[in-house]
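# Architecture and fold: a report
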Amino acid sequence: MKDQNIICFAKDWSEDPTSNNHVMLLLAQENKVLWLNSIAMRRPTFTSSRDLLKILRKLKSFFRGAEHPAPNLWVVTPIVLPFPHSKLAAAINRSLLRATIGYYRRKLGLREFQLWTFLPNAIEYVGKLGESLVVYYCIDEWSTFTYLDGQRMSAMERRLMQRADVCFMTAHSLFESKAGFNPKTFLAAHGVDHAHFAKALAPSKDIPAEIADLPRPIIGFFGLIQEWIDLDLLARLARTHADWSIVLIGRSAVDTSALKSLPNVYLLGRRPYQALPGYCRAFDVGIIPFEVNEMTRNINPIKLREYLSAGLPVVSTELPEAKFYGDHVYVARGHDEFISKVEQAIREDSAEARRRRSDSMRGETWEARVSAVCDAVVSFRDAKHIVQRILQ
């Protein structure tokens, strides 16, 4: 897909890279992309300092104007009222968004454009912004997030899928549960930046100083530490093997005080994406310690492919998507088996096994995934144009 204009509703650009970032960065190589930072998914708590600071950051970002983090890609924070289920707020937000998008379309020379969204609440604006095509890229089962109104999110998503020209689901379970809402729904599994994470295999790759001298083995994790992380499992792993180092990289959005009290658990906080291969080089095992529930059954963890690209043995809780990588991933049921699988992964690891794991990810790059997505979008775009010409 070339020479197209794309406007997308996505998460905040400044957060840790996810599929949103990878997909749009690749599309921006041959198309113009206007990225709209997240619009309100939930009503803020005005007594929460975190929510108030977020509102302040968004206001500052709006007044700074468009950022330009990559060629052909601009990031804008739109001002919207943070009441996603209010009809009055939605009506006001439509006017605000039309004005903001109209301004940047004129400034950046975006004429006809496709509207892509990773967020279901964008349905309130579909058909109101002048788009020629609507693409929904579903990355989660939004109705299961505890901080969202699940019933309303589900209703929004169904409406969105019924209006979208084409839909993509990033997990098999999402595809199976939602394909009936729109016959033009496809599975689009996550990809991986293989070349980036394979740097962990290079002998010359430096290990970050903060973990270089930690006792081995090092059991590593990177990602947001949120409600879906099994903190009890991590604590038990640390207590069972007090001689191991448990390294957790990522912002903590939940109370981790129980882990902080354990001397062999190292909560490092967020680290730059570019630095992650160095940490992977130090890890003896990469873990995916997710709770297994309705929300995580629909997750397709990108970190699984990133760990494998780095050559790491991977131990995961019993997530459906992890089972598709049974040749390279140790899938565990329950805490005891998880700990046993980590022990097994350490025993069975080797330099040759690391090369095989990394090589297995060469065909699962973001470039390959996005190319397949674009083929489908172009097909439906062209078919839509033909129908429109016939009806004129």
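Details of the structure are given in the entry above.
Throughout, residues of each chain are indexed from 1 in the direction in which the sequence is written. Totals for whole chains, interfaces and linings use all residues, but because this is a predicted model, local features are given only for residues with pLDDT of at least 70 and pairs of side-chain atoms are given and counted only at 80 or more. Calculation of side-chain values draws on the structure's entire complement of heavy atoms; hydrogens and water are dropped beforehand.

We now examine the pairing of strand S13 (residues 314-317). Throughout, exposure labels follow a simple rule: accessible area from a 1.4 Å probe, protein chains only, divided by the maximum for the residue type, with under 20% read as buried, over 50% as exposed, and the rest as partly exposed. The helix and strand labels rest on DSSP assignments: H or I over at least four residues marks a helix, E over at least two residues marks a strand, and numbering proceeds from the N terminus. Taking every second residue as pointing to the same face, both faces of S13 are buried, with Val314 and Ser316 on one and Val315 and Thr317 on the other. Only strands joined by at least two bridges in the DSSP assignment are considered to pair. Examined bridge by bridge, strand S12 (residues 285-288) and S13 share three bridges and lie parallel to one another. Bridge assignment links Ile288 to a residue of S13, and that residue is Ser316. Between S12 and its parallel partner S13, the chain crosses via helix H11 (residues 302-309), and the hand of that crossover is right-handed. Throughout, right-handed denotes a crossover for which the path from the first strand over the helix to the second runs clockwise when the strands point away from the viewer.

Cavities and pockets were defined on a 1 Å grid built from protein atoms only: a cavity is a group of points that admits a 1.4 Å probe but offers it no way out, a pocket is an open group of points flanked by protein on both sides within 12 Å along at least five of seven lines, and a lining residue is one with an atom within 4 Å of any such point. Grid points are joined across faces, edges and corners, and a volume is the space filled by probe spheres set on the points. Considered as a void within the structure, the second largest pocket measures approximately 320 Å³ in volume. Residue assignment for the lining of the second largest pocket shows that the elements contributing at least two residues are helix H1 (19-27), helix H6 (194-197) and helix H14 (366-391). With four residues, H1 is the largest single contributor of residues to the lining of the second largest pocket. Amino acids are sorted into nonpolar (Ala, Val, Leu, Ile, Met, Phe, Trp, Tyr, Cys and Pro), charged (Asp, Glu, Lys and Arg) and polar (every other residue, Gly among them). Looking at the lining of the second largest pocket residue by residue, the class counts come to seven nonpolar, six polar and three charged.

Here we come to the packing of aromatic side chains. Stacked, tilted and edge-to-face are the three classes assigned to paired rings of Phe, Tyr and Trp, where Trp is represented by its six-membered ring and a pair needs centres within 6.5 Å; plane angles under 30 degrees give stacked, over 60 edge-to-face, the rest tilted. In this structure the tally under the stated criterion is 14 aromatic pairs. Ring centres of Tyr137 and Phe168 lie 5.9 Å apart, and the angle between their planes is 40°; on these two criteria the pair is classed as tilted. Of this pair, Tyr137 sits in strand S6 (residues 133-138) while Phe168 sits in strand S7 (residues 166-169), placing them 31 residues apart in sequence. With centroids separated by 6.0 Å and ring planes inclined at 80°, the aromatic side chains of Phe145 and Trp228 adopt a geometry described as edge-to-face. Of this pair, Phe145 sits in the loop between S6 and helix H4 (150-163) while Trp228 sits in the loop between strand S9 (218-222) and helix H8 (231-240); the two residues are 83 residues apart in sequence, bridging distant segments of the chain.

As a further point, take H14. A helix is expected to span 1.5 Å multiplied by its residue count minus one. Taking 1.5 Å as the rise per residue, H14 with 26 residues should run 38 Å; its terminal C-alpha atoms sit 37 Å apart, in good agreement. Looking only at H14, the buried set comprises Trp366, Val370, Val373, Cys374, Ala376, Val377 and Arg381. We call two residues in contact when some of their heavy atoms are within 4.5 Å. Where H14 is buried, its residues meet H1, strand S5 (114-117), S6, S7 and H11.

It is worth spelling out the sheet that holds strand S2 (residues 32-36) at this point. Hydrogen bonds between backbone atoms are what pair the strands of a sheet, whose relative direction is either parallel or antiparallel. A sheet is described by the order of its strands in space; here eight strands give the open sequence S3-S4-S2-S1-S5-S6-S7-S8, paired in mixed fashion. Every other strand in the sheet has two partners, leaving strand S3 (67-70) and strand S8 (185-187) as the edge strands with one partner each. Adjacent strand axes in the sheet meet at a mean angle of 25° when their direction is disregarded. Summarising the sheet, S6 and S7 pair through four bridges and their orientation is parallel. Of the residues in S7, the one forming a bridge with Tyr137 is Phe168. Against the sheet, H1 touches strand S1 (5-9), S2, S3, strand S4 (73-76), S5 and S6, its axis set at about 155° to S2. Against the sheet, helix H3 (residues 87-108) engages S1, S2 and S4, with an angle of about 155° to S2. Each axis is a line fitted through C-alpha atoms, taken for helices only over the stretch in contact, and angles between the N-to-C directions span 0 to 180 degrees.

A few words on a positive patch on the surface. Residues enter patches when they are more than 30% accessible in relative terms and free of salt bridges; like-charged ones are connected within 9 Å and nonpolar ones (Val, Leu, Ile, Met, Phe, Trp, Tyr) within 5 Å. For every accessible area listed, the method is Shrake-Rupley and the probe measures 1.4 Å; residues are considered covered only by the protein chains on display. Salt bridges are defined as contacts in which a side-chain nitrogen from Lys or Arg sits within 4 Å of a carboxyl oxygen from Asp or Glu. Positive charge is attributed to Lys and Arg, negative charge to Asp and Glu, and no charge count is given to His or to the chain ends. For the purpose of locating charges, the reference atoms are NZ of Lys, CZ of Arg, CG of Asp and CD of Glu. A cluster of basic residues, Arg50, Lys54, Arg57 and Arg251, forms a positive patch at the surface. Topologically, Arg251 is positioned in the loop between strand S10 (245-249) and helix H9 (257-260). Judged by its relative accessible area of 43%, Arg251 falls in the partly exposed class.

Further remarks concern empty space enclosed by the protein. Applying the stated rule across the entire model yields two cavities of 30 Å³ or more. Along the walls of the largest cavity sit Ile39, Ala40, Val80, Leu81, Phe83, Pro84, Ser86, Ala90, Asn93, Asn121, Glu124 and Tyr125, which together make up its complete lining. Residues of the lining of the largest cavity, tallied by class, amount to eight nonpolar, three polar and one charged. Counted as a void, the second largest cavity has a volume near 40 Å³. Around the second largest cavity, the lining residues are Gln4, Asn5, Glu112, Phe113, Gln114, Ser132, Leu133, Arg381 and His385. Class assignment of the residues belonging to the lining of the second largest cavity gives a composition of two nonpolar, five polar and two charged.

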